[in-house]
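Structural description and commentary
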Amino acid sequence: FPLLVDPQGQALNWIRNKETSNLPSWNGQHVVELSDPKLKDKLEFCMGDGKSLIIVGVEDEIDPMLDPVLEKQFIKKGSRMYVNVS
């Protein structure tokens, strides 16, 4: 499941170390805040390039834009897979 509750930050450090080569960097940061205004663009970039994306700062509610990704609502068109992120 792509959602992880990590109150002490140990899992975040472990994932960063394991996925170093697969994490994109934006201004030296390998994580994205849920409140980032460019979250949609970064998500689309990572999904298109097969990169990992770590979103931090998720509290009680998750942005509805992420629901299709978390629920794996993929659409198959020909040999390609798509997901509607809106």
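Not measured: the values here are computed from a predicted model. (Residues numbered from 1 in each chain as written. Predicted model: local features only at pLDDT ≥ 70, side-chain atom pairs only at ≥ 80, totals over all residues. Heavy atoms only, no water.)

Chain-level pLDDT for the protein chain is 87 on average; 99% of the residues reach the 70-or-more range. Across the protein chain, the element-wise mean pLDDT spans from 86 in strand S4 (residues 80-83) up to 92 in strand S1 (residues 31-33). (pLDDT = per-residue confidence, 0-100. Helix = DSSP H or I, 4+ residues; strand = E, 2+ residues; numbered from the N terminus.)

Turning next to the pairing of S4. By the bridge criterion, 4 bridges tie strand S3 (residues 74-77) to S4 in an arrangement that is antiparallel. Its bridge partner being in S4, Ile 75 is matched across the sheet by Tyr 82. Between S3 and S4, which pair antiparallel in sequence order, lie 2 residues; one of them, Gly 78, sits at a positive phi of approximately 70°. (Pairing = 2+ DSSP bridges.)

Looking now at the pattern of salt bridges. One pass over the full model with this rule turns up 1 salt bridge. Close ionic contact of Asp 36 with Lys 42 constitutes a salt bridge, the shortest N to O distance being 2.7 Å. Lys 42 matches Asp 36 in its accessibility class, with the two residues each being buried. (Salt bridge = Lys/Arg side-chain N within 4 Å of Asp/Glu carboxyl O. Buried < 20%, exposed > 50% of the residue type's maximum accessible area, 1.4 Å probe, protein only.)

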